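# What the coordinates show
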Amino acid sequence: MEAYTELLLWAGEHGVVLNGIEPRRIPGRGIGIVATRALEPGEKLLHVPSAMLRTMDTVPKRISRKLPKKMKIHGLLAADLALNPHPGKYGKWNAVVPSRADIWDSLPLTWDPRLSHEFLPRAARDLLRKQEAKFAVDWAAAEEAFPETPALSRDDYLYAWLLVNSRTFYHETARSLKLPPDDRMVLQPVADLFNHADAGCAVLFSAASFAIMADRAYAAGDEVFICYGNHGNDMLLAEYGFVLASNRWDEACLDDAVLPALSARQRAHLDDRGFLGNYMLDAATVCYRTQVALRLMCVPLREWQRFVDGADDGGKGDDAAAQAKADRLLASLLGKYRETIEKTIDTLGSLQAGQPSQRELLCRRWRQIQTLIDTTITRLES
Ligand SMILES: C[S@@+](CC[C@H](N)C(=O)[O-])C[C@H]1O[C@@H](n2cnc3c(N)ncnc32)[C@H](O)[C@@H]1O
């Protein structure tokens, strides 16, 4: 019997209701949720009573009391999961979460740093560094709080911490509203088996329950998704360990293409005006920050300042000429960046660090970035 069959029996006894859906193993996506019959838009597919949530209030006092008062809910829930003080209570739920091997395989925070630090695209790497810093704070507190034998190991805590990172839902209560938004997170059974797509079912909550409602019609056998947020693939890679083949929210960071082309003076000007770095493009647009940096490389300083201040050129047509110059410059920078990416992909092909599946995931991500760049070059040159 699949572990999720037992989970459903246990959840059903506690008021969780599934309507027209069931969990199933899905190649490449672990467990997911599929429609067992035709579903209508707006149908309520899942009901989870609030009593089933794991929140800051369900972390036993003997755990929370030992941890710093200001510890984030992420770190608290991770300690609760790792120490597992009530194996009977949550045993059926714990049995369905991805294995430690699955988490180690997919999530960059556990990867060989030679791979994650040198080969993740910049946006994913920046997120990873933030995660590393957050984890270091939480782990330092947990390690100090639970030194007894058998001690809580770093890997036990990291595994739990990453499960929390990839499985929590936003939830408000009168109490959590007094806390920052990143402290309003809860774990909920069964709902945490929905996989992500760039558009998906609505997730609603009230004081009494969570509900998931069909966003559109589904045929029997279709996988039913929720949307974890309007995330690009670098975010999904760093935080959830996968990338979508098709993602309307995808974008790429151009800092490695644009920053090296700037002189020290130009960097200083951009920094002064708050425009240094964080240059992004998506399939349809290049961001305004990138335009500001390109303009600086294409026009005299006075003219650039007028551009940054939002002043037009009084109809003289200089602006169109400057934009054409900026577009040509961008196409050339992107062409060079594309070659660098090609070399990165080649290097990944012969690298020994990390697991083959991790290197393959990185190559897939770099190819997606190349496609975004190619689309932009074609647009700029047409
Ligand atoms: C909230 S869980 C969803 C259920 C999960 N598949 C499981 O087996 O328990 C989030 C994790 O599911 C996987 N996942 C979610 N959506 C995915 C997708 N579209 N493609 C591949 N993996 C996905 C990722 O491993 C992610 O970290």
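Residues numbered from 1 in each chain as written. Predicted model: local features only at pLDDT ≥ 70, side-chain atom pairs only at ≥ 80, totals over all residues. Heavy atoms only, no water.

### Things to note about the side chain of R167
Rules: Helix and strand definitions follow DSSP, with helices as H or I runs of at least four residues and strands as E runs of at least two, each counted in order from the N terminus. Identification of polar contacts relies on pairs of N or O atoms within 3.5 Å, with a donor-acceptor requirement for protein atoms, meaning one able to donate a hydrogen and the other able to accept it, and with residues adjacent in sequence counted only if both atoms are side-chain atoms. In what follows, residue pairs with any heavy atoms lying within 4.5 Å of each other are defined as contacts.
Here R167 is to be found in helix 8 (residues 154–167). Within polar-contact distance, the side chain of R167 engages the backbone oxygen of D192 at 3.2 Å. When neighbours within four sequence positions are excluded, R167 is seen to be in contact with V97, P98, V186, L187, D192 and L193.

### Some thoughts on the domain arrangement of the protein chain
We count it as follows: The domain boundaries here were taken from an automatic or database domain assignment. Buried area adds together the accessible area that both of two parts lose upon being put together, with accessible area traced by a 1.4 Å probe. Just to be clear on terms, a salt bridge is a Lys or Arg side-chain nitrogen sitting within 4 Å of an Asp or Glu carboxyl oxygen.
Assigned domains within the protein chain: domain 1 (3–240) and domain 2 (251–381). Computed over C-alpha atoms, the centres of domain 1 and domain 2 are 35 Å apart. Facing 15 residues of domain 1, the contacting portion of domain 2 comprises 21 residues. For the pair domain 1 and domain 2, the summed buried surface comes to about 1600 Å²; carbon and sulfur atoms form 66% of the total. Contact with domain 2 buries area across many residues of domain 1, yet L115, F119 and R122 alone supply 41% of it, more than any other trio. Remark: the boundary between domain 1 and domain 2 carries three salt bridges.

### So, the pairing of strand 2 (residues 21–25)
Definition in use: At least two DSSP bridges between two strands are needed for those strands to be called paired.
Sheet analysis places strand 2 next to strand 3 (residues 31–35), joined by five bridges and oriented antiparallel. Each bridged residue has a counterpart across the sheet, and for R25 the counterpart in strand 3 is I31. In sequence, strand 2 turns back onto strand 3 through a hairpin of five residues, with G28 there showing a positive phi of about 80°.

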